[in-house]
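Summary of structural features
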There are 2 protein chains.
Amino acid sequence: MSSGQSQKPSAEAQAHHYDPSKYERPSVTVDVVMMSIRQSDLQVLLVKRRSWPYEGMWAIPGGFVRIDESLEDAAKRELHEETGVQDVYLEQLYTFGDPGRDPRMRVITVVYYALLDSERLQVRAADDASDVGWFSMYNLPELAFDHAKILAYTLQRIRGKLEYTTIAFNLLPEQFTLRELQRVYEIILHRKLDKRNFRKKILSTGILEDTGAKKMEGTHRPARLYRFNPAAVARQ
Amino acid sequence: MSSGQSQKPSAEAQAHHYDPSKYERPSVTVDVVMMSIRQSDLQVLLVKRRSWPYEGMWAIPGGFVRIDESLEDAAKRELHEETGVQDVYLEQLYTFGDPGRDPRMRVITVVYYALLDSERLQVRAADDASDVGWFSMYNLPELAFDHAKILAYTLQRIRGKLEYTTIAFNLLPEQFTLRELQRVYEIILHRKLDKRNFRKKILSTGILEDTGAKKMEGTHRPARLYRFNPAAVARQ
DNA sequence: GCAATAGTGTCTCTAAGACACTATTTA
DNA sequence: TAAATAGTGTCTTAGAGACACTATTGC
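Treat the numbers as computed from the prediction; the structure is a model and nothing was measured.

Looking now at helix 2 (residues 71-83) of chain B. Residues and elements named next belong to chain B. The end-to-end C-alpha distance of helix 2 is 18 Å, a good match for the 18 Å that 13 residues give at a rise of 1.5 Å each. Taken residue by residue, helix 2 has Leu71, Ala74, Ala75, Arg77, Glu78, Leu79, Glu82 and Thr83 as its buried positions. Gly84, located one to two residues past helix 2, shows a positive phi value of around 80°.

Below, the structure is given as structure tokens:
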């Protein structure tokens, strides 16, 4: 049970009168892996540590879960504080809680990841004053705690989800071309995809809606702009 | 970051001298969804609550995470206490932490699930004295807390994993017939599978090894006994 | 030889992947 | 008309699923 009392017969006596306040409790934090497509690359937002332990190293942003907020609310708050954006795709990744992962005390961290449309981020581009920065998921700096492991696991997860979900759309603005969508897939999967097969597959699912508009850019044929059609996903 | 200190510039002053002991902390428990194939059914081990809240209702077994044990160790301990078995397939499912999910206090629970070979369980069959019982995942009693939601999510997860992993083997003894393996798939997916297609697909993966032995049982042709070959999985 | 379960092969259909040319725009 | 990117179709192959009969055992 997920409760304050154990129900095992073997431990019944203590369990029944268990007072959790008597026991030392771990701290619970929420860390948020915020990713976006920037400079044709999959990048993650990291913060630089200013004190022991791991002073000067980069870390995934996070903080304590407040006593009256849900885990997801804590993650949303963290996300908003760091990037200023709201209404973002957010998903729980995994909970890491090995004793000793933080030398100061026992910390259990529930990790979420967020996929951000870079266009909505540009507002806070000046944020890069000092100790917050975007890094390529393929070329990370030295990371504090077990954060290298967490980012490796995140990448694995979003690659898996890319195949059978619509998470890629969260990295693009509302309207986008098929080529832009293909680039998102290529960047995350880290390999080239065949243009004809990609378009055939995506369009055959029916999850895209032609907006009728075209993206004029440069001295070449303009591309159609599509829009994600959530209704089509539900229909499947 | 997954640590005791926030690194946001905005909160730097407090963050730098943050003392987590000043704040009210949530409790952290580990709940374990223990499942096994029993009576041609997918069953789950539940414990009956003896006190408020949800008195008399059934719940997923669980307990507090000790300050010096990992989450997985806590889950293993819980599993061993309830079933007496060790070396079991165990995987983290999800972390549930909405405020109010336990009316007594803020409890964040990291849920694991375990798939047990029913043959190894028979030793403790007499355990069903009073407040521990096996229930069909398809016909659950009224459950305490948010445990109905947790079990629904568990079923969804193992169905997904069945397709692209080898978790099914954890529900069978070391040697088993193809018919027995097919029954495991049918019970979890909750639909009939075609015998020829099932055998073709499983055997084509090469993850099974013919033991040479046969299972004689009843008045009919005996079936070949196979063994799971983990080496073949790695090779894939 | 009867009852009961084990074990086997073919055909169809769909989806994935390899692969190269035409269309449209601006300068 | 040149440069640059958008957009399109066919063939092959692999895997999924529908489908029915023969093989082996104990009694």
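Past the structure itself, the notes keep going.
Neighbouring DNA strand D are 22 residues, the closest being Lys195(A), Arg199(A), Arg224(A), Asn197(B) and Arg221(B). A share of 37% of the atoms of DNA strand D within 4 Å of the protein falls on sugar and phosphate groups. Arg221(A) is positioned with one of its side-chain polar atoms (N or O) 3.4 Å from a base nitrogen of DNA strand D. One of the backbone nitrogen or oxygen atoms of Arg221(B) is found 3.1 Å away from a base oxygen of DNA strand D.

Next up on the list: the sheet that holds strand 9 (residues 208-215) of chain B. Residue and element names in this part refer to chain B. Read from one edge to the other, the open sheet built from three strands follows the order 8-10-9, with strand pairing classed as antiparallel. The open sheet has two free edges, formed respectively by strand 8 (175-176) and strand 9, since each of these has just one partner strand. Across five bridges, strand 9 lies against strand 10 (residues 223-228) in antiparallel orientation. Paired with Lys215 across the two strands is Ala223, which belongs to strand 10.

Our next topic: the pairing of strand 10 of chain B. Two strands pair when backbone bridges link them, and strand 8 of chain B and strand 10 of chain B are joined in this way by two bridges, in the antiparallel orientation. Considered in strand 10 of chain B, the bridge of Phe176(B) is made with Tyr226(B).

This brings us to the domain arrangement of chain A. Interface size, as often reported, equals the accessible area lost upon joining of the parts. Residue and element names in this part refer to chain A. According to the domain assignment, chain A consists of domain 1 (24-161) and domain 2 (168-235). For domain 1 and domain 2, the distance between their C-alpha centres works out to 28 Å. In this complex, domain 1 contributes 16 residues to the contact, which on the side of domain 2 involves nine residues. Where domain 1 abuts domain 2, roughly 1,100 Å² becomes buried across the two surfaces, and 68% of that area is made up of carbon and sulfur atoms. The interface formed by domain 1 and domain 2 contains zero salt bridges. On the surface where domain 1 and domain 2 come into contact, there are four residue pairs in polar contact (both at pLDDT 80 or more).

Rules used in this analysis
- Residues numbered from 1 in each chain as written.
- Chains lettered and ligands numbered in written order.
- Predicted model: local features only at pLDDT ≥ 70, side-chain atom pairs only at ≥ 80, totals over all residues.
- Heavy atoms only, no water.
- Helix = DSSP H or I, 4+ residues; strand = E, 2+ residues; numbered from the N terminus.
- Expected span 1.5 Å × (residues − 1).
- Buried < 20%, exposed > 50% of the residue type's maximum accessible area, 1.4 Å probe, protein only.
- Near = heavy atom within 4 Å.
- Polar contact = N/O pair within 3.5 Å; in protein donor to acceptor, adjacent residues only side chain to side chain.
- Pairing = 2+ DSSP bridges.
- Domains from an automatic or database assignment.
- Contact = heavy atoms within 4.5 Å.
- Buried area = accessible area lost by both parts, 1.4 Å probe.
- Salt bridge = Lys/Arg side-chain N within 4 Å of Asp/Glu carboxyl O.

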